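Chain residues, written in single-letter form:
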Amino acid sequence: MPHRHKRASEQKHRISKKPVQRMDDTWNTVVRNKGRRRGKGVATEELELPKDELHGQHPSSSASIQLPQRPGYGQTGAKCIVKANHFLAQISKSELCHYDVNVSPEVISTKLNRAIMAQLIRVYRETDLGSRLPVYDGKRNLYTAGLLPFTSREFAVTVFHEQEGLDTMRELHFKVTVKFVGLINVQQLNELLSGKQVGTPHEVLTVIDIVLKEVAARRYMAFGRLFYNPNVQRNQQLGGGLHAWRGFYQSVRPTQMGLSLNIDMASSAFIEPLPVIEFVAQFLGKDIRTRPISDADCVKVKKALRGVKVEVTHRGNTQRKYRISGLSSQPTRELIFPVDEHMNMKSVIDYFQEMYGFTIRHSHLPCLLVGNQKKVNYLPMEACKIVEGQRCTRRLDEKQITSLLRVTCKRPSQQEVEILQTVRQNAYDQDPLVKEFGITIDDKLATVEARVLPSPWLKYHDTGKVKHHLPQLGQWNMINKKVINGGIVNHWACINFSRHVQDTTARAFCRQLVQMCLLSGMEFNPEPVIPVHTARPEHVKKAIKHVYNSAAAKLEGGELELLIAILPDSNGTLYGDLKRICETDLGLISQCCLTKYVLKVTRQYLANLSLKINVKMGGRNTVLLDALSLRIPMVSDMPTIIFGADVTHPEKGEDSSPSIAAVVASQDWPEATKYAGLVSAQSHRQEIIQDLYKTWQDPQLGTVSGGMIRELLLSFKRATGQKPLRIIFYRDGVSDGQFYHVLLYELDAIRKACASLEMTYQPPVTFVVVQKRNHTRLFPNNHNDKKSTDKSGNVLPGTVVDSKICHPTDFDFYLCSHAGIQGTSRPAHYHVLWDENNFSADGIQSLTNNLCYTYARCTRSVSIVPPAYYAHLAAYRARFYMEPNNSEDTSIRPLPELKEKVKNVMFYC
């Protein structure tokens, strides 16, 4: 083939017995926090951190922190029975042993490590291993159910291994040292399952997890906890050279019913094993056999193929595999390379003809680059085929997502059947490895007691025919209702970026939208400041500035308040560019509308737009009736601020892009309906929010305090005239393994932010993690009972579970707060990590469920609590604010500052 050269943290706990006292309404003193909590508050457990581990370095241990115990079980709501995709697991062996594995020479490949260990077990099991059947994690850890007949032993192992880019299997020789580490404490697991508050027995769970993963990996391709097999179901074409494989998710966790095996169905996009030319043609949607690929398309193809494994087809029965690193910058017909040290050159076309008798027919196409940077090889596209079983890690387009959803969205009854079939097909009880470790898996879904929480009454404006409304099945509409607080729009304009929308159509659409806003209870000037302006998408900045300045000139000192933008259905970077310019440059609220909805306008679409515009303009759509009558427990009795926080990470492959953190906070006590939001860029894939609280040195002022929490607390004070005396913090996007780190640093940041406003200001905090991407599914006990299901066949909105499948001791619950639309609904998992407000189970569950009915963008209850939802929207929006970084500078650039008029309203809706 041708080539070219080229320290453990200490934790103190103490109980403060001082009662709650109201504090004065002024924050006159801004002081530095001294690290200790001296504030007045409810009886709370206090968490102190060593000074050298406050904010910055991760603690080496969190073992001494205990999460709050469940305060009891909820009683509110209509009781019912549901089924969950949890299967009772048990382990009978009490002597589990841990051994360290050292392979010499060192092997990086997990696949090769597994092959080495499999060969060792085959050769030595009946002799040196004492007939034990170990399980191996592919790295340094080996586990057995009972002691091996040695504490340390070296084994000679020979394997035959196919290396990338080589014709034949190579014989490789290794020395493998297996050394006893220690016994694994199974008793700790038994104590946890019996209800004792002990640390999570991670090691036992890891052993069980590895055993069950090994069983699944024999029939499926493993990707972490996901397992796929192309033969399970017929593959669904997704377009663009991709197809969907069906598979399942598997994990073991401790629950109140005992050990639980959680099995959920999964679908993912895989690259079709096509000839590379065919894949590229499908990916671009173009005939590339006769036409050259443009430079812009080459960039797209290079990104799509980078890292993809291919096998050559021009060498008969010789199958060699390579990983693509890029594309040649020239077409194949122009490529030459040195054939010897004297730099004698030969063309790629001649080389393949002379060496392999292979005639390159599509010499107008670039070559694939394979191999490493020191020695990059050329491979013609037509001589390569994509290897089967490679997951697509890039972002799917809308059509592909729609096609994948068709595969994924199964009605609950069908999803339940598939899960049961998967468990039975896996036949855990028949596997020798499972038997070796004494593991048994029940093949029946867990039956769980649940409750359906009642819907809350909603309050609308008294001028509407309907003033109070009780939603049914998690949804309602705006007929005969007016928003509780209508926003005011005096000065607005419209830009039409779509060549498919005529001026007359745009004007008519704007008239209909204004009419709907007026009908919903807003004050809205019927006439725009200037006529509808038409512009090309590539002139977005010029168009917005023109409209903004023209409006300012006509208003003689007044400012444009709202921009309505009509966008093409496929608009590339236009949407993001428009939002960045409006929100960080001009301080202008905008509402974007896609062409397909403008051309085929519906009353429902206009109603939804009016809800979004109202909250963006500072209005409120609805509030909980109980909030107005001060009847919401743990919120109405004292000024309470509710936070939502989330971090979004860049897509796979974007190795230098920062993560984006967003925090929102309620600004209207006692209603808790209007949320201001702030965003911040931080280190790549850093989950802990860095800018909750920060200090810096100012030459004149000295040490200055800031950060998102502090700014939002001050914003609450300005909006309500009162200091928050209670904090409820909903944190999205935290996995189980990150609980302690996130709690340690973010709770500490909240306290520092409070103390920076006033030394003695430390309101009690409740910190709740929201997990939407869990794999628990709840099914009706009887799919034919229409009273226990919604229209989609899912459990009723408001269904809550806090027993059996929940943690043995921790304060957690599953809540399905929304009505299903298609497929099987996924309940959100709420985990209370810190609770100084002493919530009851009913208290936090009812509050969370009721808040789900206050989501501003639609007349439906939503699947996760709105502040967490809003934080996710704000973080997603902020990604548009980032400027592309084409330099080698990997430092985190701060995001452009949101304008004041934007940050205090719900701009992200």
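The shown structure was predicted, so the numbers you read here are calculated from the model rather than taken from an experiment. (Residues numbered from 1 in each chain as written. Predicted model: local features only at pLDDT ≥ 70, side-chain atom pairs only at ≥ 80, totals over all residues. Heavy atoms only, no water.)

**Concerning the packing of helix α11 (residues 540–555) against helix α12 (residues 574–586)**
So, point 1. Remark: α11 packs on α12, axes separated minimally by 10 Å, with the N-to-C direction vectors making an angle of 40 degrees. In terms of orientation, α11 and α12 fall into the oblique class. Considering the relative orientation of α11 and α12, their crossing is right-handed. Between α11, through Val540, Lys541, Ile544, Lys545 and Tyr548, and α12, the contact on the second element is made entirely by Leu574, Asp577, Leu578, Ile581, Cys582, Asp585 and Leu586.
So, point 2. Residues belonging to the contact of α11 with α12 are distributed by class as follows: 8 nonpolar, no polar and 4 charged. (Axes fitted to C-alpha atoms, helices over the stretch in contact; angles between N-to-C directions. Helix = DSSP H or I, 4+ residues; strand = E, 2+ residues; numbered from the N terminus. Parallel < 35°, antiparallel > 145°, perpendicular 65-115°, else oblique. Left-handed = near helix turned anticlockwise from the far one by under 90°. Contact = heavy atoms within 4.5 Å. Nonpolar A, V, L, I, M, F, W, Y, C, P; charged D, E, K, R; others polar.)

**Looking at unusual backbone geometry**
So, point 1. Cis geometry is found at the peptide bond from Ser104 to Pro105, where omega equals 0 degrees.
So, point 2. By the secondary structure assignment, Pro105 is in the loop between β6 (96–104) and α1 (110–124).
So, point 3. The omega torsion across Trp669 and Pro670 is 15 degrees, close enough to zero to call that bond cis.
So, point 4. Along the chain, Pro670 falls in the loop between β35 (659–666) and β36 (675–682).
So, point 5. The residue Leu473 is not glycine, and still its phi comes out positive at about 55 degrees.
So, point 6. Mapped onto the secondary structure, Leu473 falls in the loop between β26 (468–469) and β27 (488–489).

**Considerations on the packing of helix α10 (residues 503–520) against helix α14 (residues 603–616)**
So, point 1. Where α10 contacts α14, the axes come no closer than 9 Å and their chain directions differ by 65 degrees. Relative to α14, the crossing made by α10 is right-handed. Listed contacts from α14 to Phe509, Gln512, Leu513, Met516, Cys517, Leu519 and Ser520 of α10 are Arg603, Tyr605, Leu606, Ala607, Leu609, Ser610 and Ile613.
So, point 2. Along the lines of polarity and charge, the residues of the contact of α10 with α14 split into 10 nonpolar, 3 polar and 1 charged.

**Regarding the sheet that holds strand β9 (residues 152–162)**
So, point 1. Taking strand neighbours across the sheet as the criterion, the 5 strands line up as β7-β8-β6-β10-β9 in an open arrangement whose pairing is antiparallel. Every other strand in the sheet has two partners, leaving β7 (135–136) and β9 as the edge strands with one partner each.
So, point 2. Pairing of β9 with strand β10 (residues 169–184), which is carried by 11 bridges, proceeds in the antiparallel orientation. Note that in β10 the partner of Val159 across the bridge is Leu172. (Pairing = 2+ DSSP bridges.)

**Quick word on the packing of aromatic side chains**
So, point 1. Within this structure, the stated rule accounts for 31 aromatic pairs.
So, point 2. By way of ring pairs, the aromatic residues Tyr675, Tyr855, Tyr869, Tyr870, Phe907 and Tyr908 are connected into one cluster.
So, point 3. For the cation-ring pair, Arg391 lies above Phe223, with the distance from its terminal atom to the ring centre recorded as 5.4 Å. (Phe/Tyr/Trp six-rings, centres within 6.5 Å; stacked < 30°, edge-to-face > 60°. Lys NZ or Arg CZ within 6 Å of the ring centre and 35° of its normal.)

**A closer look at the state of the cysteines**
So, point 1. Going through the model one piece at a time under the given rule, you end up with 0 disulfides.
So, point 2. Summary of cysteine pairing: Cys298 is not part of a disulfide, and the nearest cysteine sulfur, belonging to Cys367, is at 12 Å. (Disulfide = S-S within 2.5 Å.)

**Some thoughts on the pairing of strand β44 (residues 828–835)**
So, point 1. Most of β44 sits inside the fold, with 8 of its 8 residues counted as buried.
So, point 2. One ladder, built from 6 bridges, connects strand β40 (residues 765–771) with β44; its direction is antiparallel. Residue pairing for β44: Val770 is matched across the bridge by Tyr830.
So, point 3. Note: strand β43 (residues 811–816) against β44, 5 bridges, orientation antiparallel. Residue pairing in the sheet places Phe811 in a bridge with Val832 of β44. (Buried < 20%, exposed > 50% of the residue type's maximum accessible area, 1.4 Å probe, protein only.)

**Comments concerning the sheet that holds β44**
So, point 1. Read across the sheet, 11 strands follow the order β36-β35-β34-β39-β40-β44-β43-β42-β24-β4-β41 without closing on themselves; strand pairing throughout is mixed. Each end of this open sheet is capped by a strand with a single partner; those strands are β36 and β41 (778–780). Neighbour to neighbour, the strand axes of the sheet diverge by 30 degrees on average, direction disregarded.

**What to know about a nonpolar patch on the surface**
So, point 1. Side chains of Ile336, Met343 and Met345 sit close together on the surface and give an oily, nonpolar patch of about 300 Å² of accessible area.
So, point 2. Structurally, the position occupied by Ile336 is in strand β18 (residues 336–338).
So, point 3. Assessed through its relative accessible area of 48%, Ile336 is described here as partly exposed. (Patch = residues over 30% accessible without salt bridge, like charges linked within 9 Å, V, L, I, M, F, W, Y side chains within 5 Å. Areas by Shrake-Rupley, 256 points an atom, 1.4 Å probe, with all protein chains shown as cover. Salt bridge = Lys/Arg side-chain N within 4 Å of Asp/Glu carboxyl O.)

**Points about the pattern of salt bridges**
So, point 1. Taken as a whole and assessed by the stated rule, the structure comprises 38 salt bridges.
So, point 2. Among the salt bridges present, the one from Asp100 reaches Arg140, with a minimum N-O distance of 2.9 Å. Of this pair, Asp100 sits in strand β6 while Arg140 sits in the loop between β7 and β8 (141–145); the two residues are 40 residues apart in sequence, bridging distant segments of the chain.
So, point 3. Of the charged contacts in the structure, one is a salt bridge between Lys901 and Glu559, with a shortest N-O distance of 2.4 Å.

**Overview of the layout of surface pockets**
So, point 1. Taken as a whole, the second largest pocket encloses approximately 490 Å³ of empty space.
So, point 2. Residue lining of the second largest pocket: 22 residues in total, with Val679, Lys694, Met708, Glu711 and Glu897 positioned closest to the centre.
So, point 3. Elements represented by at least two residues in the lining of the second largest pocket include exactly β36, β37 (694–698), β38 (702–706) and α16 (708–720).
So, point 4. Its residues placed into classes, the lining of the second largest pocket shows 11 nonpolar, 4 polar and 7 charged. (1 Å grid on protein atoms, 1.4 Å probe; cavity = no way out; pocket = protein on both sides within 12 Å on 5 of 7 lines; lining within 4 Å. Points joined across faces, edges and corners; volume = space filled by probe spheres on them.)

**Focus on the nonpolar core**
So, point 1. In this structure, Phe643, Tyr730, Tyr830, Tyr870 and Tyr908 are the most contacted members of the largest nonpolar core, which totals 128 residues.
So, point 2. Looking at which element gives the most residues to this core, the answer is helix α17 (residues 739–757), with 11 residues.
So, point 3. Excluding residues that lie within four positions of it along the chain, Tyr908 makes contacts with Val664, Tyr675, Gly677, Arg857, Tyr870, Leu873, Ala874 and Arg877. (Core = buried A, V, L, I, M, F, W, Y, C linked by side-chain atoms within 4.5 Å.)

**Concerning the environment of Gly241**
So, point 1. Here Gly241 lies in the loop between β13 (236–239) and β14 (242–255).
So, point 2. As a C-alpha pair, Gly241 and Ile750 span 509 residues in sequence and 48 Å in three-dimensional space.
So, point 3. Not counting the four nearest positions on each side in its chain, Gly241 is found in contact with Phe270, Ile271, Glu272, Leu274, Phe279, Gln282 and Phe283.

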